[in-house]
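# Observations on chain architecture
Here is how the chains run, residue by residue.
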Amino acid sequence: MRNVSSYKVGVMHIINSDFIFKGRYFMDDIKEGASQFFHGGCPHDCPDTCSMVYEVADGKLKGVKGNSEHPMTRGGLCVKLKDYEKRHYHPDRLLYPMKRVGPKGEKQFERISWDEALDTIVDRWQDIIKEDGPQAIMPNSYLGNQGLVHGLNGGDAFFARLGATVTERTFCGEGSATAWLLTLGPTAGVDPESFIHAKYIIVWACNSVSTNLHHWHIIKEAQKKGAKVVVIDPYASRTAKEADWHIAPKPGTDGALAMAMMHVIIGEGLVDQDYVDNYTVGFSELADKAKERTPEWAAEITGVSAEDIRTFAREYAASQPSAIRIGVALEKSWGGSQAIRAVASLPALTGAWRHVGGGILQFPVWEHPYKFDVICRPDLIPEGTQVVNNLQLGRVLTGEQELKVPIKSMMCWNTNPVTQSTETDKIIQGLSREDLFLVSADHFISDTAAYADILLPASMGAEMEDMILSWGHLYLTYNTKCVESPGEAIPNNEIFRRLAKRLGFEEDNFKWSDEECLEHYVDWDAPACDGIDLAYMKKHGYARLNVGTKDNRAPHKEGNFPTPSGKCEFRLVGAKNFVAGPFRQMYDGFQPGQDIPELPDYVPSKETASANPALFKKYPLNILAPKSHGFINSCYANIENKLKGQGEQSVLISQADAMDRGIQEGEMVRVFNDRGGFDAVAKITPDVGAGIVVATLGYWRQLNNGTVNSVSSSAFGDMGNAQTSHDCLVEVRTM
């Protein structure tokens, strides 16, 4: 890694790099109005976790660029972040604490002081605790910010100490995590940068162009060097259109495709038998299972021809190194996690792990040395504390799902469940309860914040110090506080510090500064951090973990999987379903606990013609809800230029399905099922096959008549309490 020189000015750092300065600025040159530059990290829910450069002049954020020194970011940012500074100073930004003065959801608020806001919260909570106990209060957060200090887990220690209900957060990736950990253990897998060495690349259920752009650049470089790129996706996404081969199985049938690949690889002797014999568990049982899963069997299920399945399996096995990038969409049907177990087993069958650039990539975060026990403080959670899953928030708040202690108050930060959770009509019904005391810390009055009793203005990225978690690469990323928050906004962690002080909490966590949090939240003594400390991060902005390089990392060349056996576990004996700790405040109580099947296999979806013919008769279209190209979840979906770039809420529909319903291009239609519905503009396209419609996530309900999660189900998938939003039938009609 090429170091970036740093010059200290006050408590800030000015980065001297060719990309920024071009030799123009040095410490003596800084005058009033001159720009200063600071290390930043993109805080959003994205695997790329870009290293950024903040430009500041006269105390204001003037611009944001990608760090040209960073091997993944390479100086570029996605369309969402290219004018990040404008979001900081958007005219609709929430600047002051507010209290509700009108009906819930009507956005009628008036300004109050921080003292009044915090006193109101503490008084209401103490009354609730006195009457119903602390479990009547629940936190609700997700990855609207990925910082270690201010992000997903930033309030966990506070709510653990309060004794509140534990919230399980399984919006995205948690079923994948369970399947991955059971099969391969907490390994980062193949280095995303090592894909440059792969000869055969499979992007499975990931629209990288829209959601993992900086990894896609590496894949494109490998493609130019001769690698074949195969994209597996039920519709022609932006990424699929750039592939050498787009394979489009029917939604929820990926497990059948993977099992049929195994049938061919094993049956035709394409297995790396030495690798399998030495570094895997359960091959003979898996081989017996795979005998039943013929390409002809899979063709009937997936819609992919038996000939194509055979060709695909043969090419994958024969072209080493081969690398697979799986996306979280793979989990979003009832049998999605079993499908992931099958896909995650393929590299061991073929010996792909032997090679640099061979294997499979899920979340590299498993090798990041974060100390979640210190961040979350599960030791403070009282034994027997109940758990609520955020996907089932609507069922909980309406009383459909009964709890030992009903929820009387909720605090939301870094999340907007009215658009991003499932069964959103029920969530709105629950949030409308007059007896529910809702606190929301946010940047804008979002769809969820509109129902709050108390609104708290939260700081944005350039306004707070943090390190940003990455689930897509092997770099630590530092974010400098380089400007003050406008108005009276404060960082999330400061909100919890102030609440903790009012409640008399004396634990060290609630007294640490943000910098002290970072000293405690990362295991700086871990081998992966050799030569790296917080001072290094402040100076350089990022650091690659010491886990091998893109040119030599082959972590499982000789097995060494971090599983109980030390091997890739095709077969599991006695395994139970669970949600990984960071997604449930590191709390061990009330895990799902169902038996996990011994072997990976295809598990059919629940909302299909064969599984539920009566439902299919009413709602014959399978809807997919991928992430939007122009938004990050619901972030930016209220920003004018981002809305213009993304376009109005639409639904992709095939020519055949449009003709059957008399739908014309550009016509406003209603997409609906028994759970709810939303209005969208019809886009008739060959990008989707008959029986499939596509509408993207993130649109705000206050700007639209419903959104795509109005129709999604809160039912869990087969592992990790994952969502099943792609296991969903709808109908589309003209309006």
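All values reported here derive from a predicted model rather than from experimental measurement.

Rules used in this analysis
Residues numbered from 1 in each chain as written. Predicted model: local features only at pLDDT ≥ 70, side-chain atom pairs only at ≥ 80, totals over all residues. Heavy atoms only, no water. pLDDT = per-residue confidence, 0-100. Contact = heavy atoms within 4.5 Å. Core = buried A, V, L, I, M, F, W, Y, C linked by side-chain atoms within 4.5 Å. Buried < 20%, exposed > 50% of the residue type's maximum accessible area, 1.4 Å probe, protein only. Helix = DSSP H or I, 4+ residues; strand = E, 2+ residues; numbered from the N terminus. Axes fitted to C-alpha atoms, helices over the stretch in contact; angles between N-to-C directions. Parallel < 35°, antiparallel > 145°, perpendicular 65-115°, else oblique. Left-handed = near helix turned anticlockwise from the far one by under 90°. Nonpolar A, V, L, I, M, F, W, Y, C, P; charged D, E, K, R; others polar. Expected span 1.5 Å × (residues − 1). Arc of directions from axis to C-beta. Salt bridge = Lys/Arg side-chain N within 4 Å of Asp/Glu carboxyl O.

Our next topic: the confidence of the model for the chain. Within the chain, residue pLDDT values average 95, and 96% of them lie at 70 or more. Here residues 1–30 is modelled with pLDDT under 50, and outside its nearest four sequence neighbours on either side it reaches 56 contacts, counting other chains as well.

Soluble globular proteins tend to pack their nonpolar side chains together in the buried interior. Counting 102 residues, the largest nonpolar core has W204, F312 and M467 as its most contacted members. Counting residues per element, this core draws most heavily on helix α7 (residues 254–267), at nine residues. Grouped together as the second largest cluster of nonpolar side chains are 31 residues, I112, M411, I454 and I490 included.

A few words now on the packing of α7 against helix α12 (residues 336–350). A pair of packed helices is captured by two measures, namely the crossing angle of their axes and the spacing between those axes. Here α7 crosses α12 at 25°, and the two axes come no closer than 8 Å. Between α7 and α12, the angle is such that the two are roughly parallel. The two elements α7 and α12 meet at a crossing, and its hand is left-handed. Listed contacts from α12 to D254, G255, A258, M259, M261, M262, I265 and I266 of α7 are A339, A342, V343, S345, L346, L349 and T350. Looking at side-chain class alone, the contact of α7 with α12 contains eleven nonpolar, three polar and one charged residues.

This part takes up helix α6 (residues 213–224). For α6, which comprises twelve residues, the first-to-last C-alpha distance of 17 Å matches the rise-based estimate of 16 Å (1.5 Å per residue) to within 8%. Those residues of α6 not exposed but buried are H214, H215, W216, I218, I219, A222 and Q223. If you follow the buried residues of α6, they end up packed against β10 (200–204), α5 (208–211), β11 (228–232), β14 (322–326) and β15 (359–361). A positive backbone phi angle near 120° is found at G226, which sits one or two residues after α6.

Moving on to the environment of G303. On the secondary structure map, G303 appears in the loop between α10 (295–302) and α11 (306–318). Spatially, the C-alpha atom of G303 lies 9.0 Å from that of T253, the residues being 50 residues apart in sequence. When residues no more than four places from it in sequence are discounted, the contact partners of G303 are K250 and A298.

Let's shift gears to helix α16 (residues 424–431). Within the sequence span of α16, burial applies to T424, I427, I428, G430 and L431. All buried residues of α16 lie within an arc of 160° about the axis, which places them on one face of the element. For α16, the elements touching its buried residues are α14 (393–397), β17 (409–413), α15 (417–420) and β18 (437–442).

A separate point is the pattern of salt bridges. All chains considered together, the criterion is met by 53 salt bridges. R377 is the partner of D379 in a salt bridge, and the nearest nitrogen-oxygen pair spans 2.8 Å. Among the residues examined, D379 registers a relative accessible area of 54% and is labelled exposed. A salt bridge links E607 to R675; the nearest nitrogen and oxygen atoms lie 3.1 Å apart.

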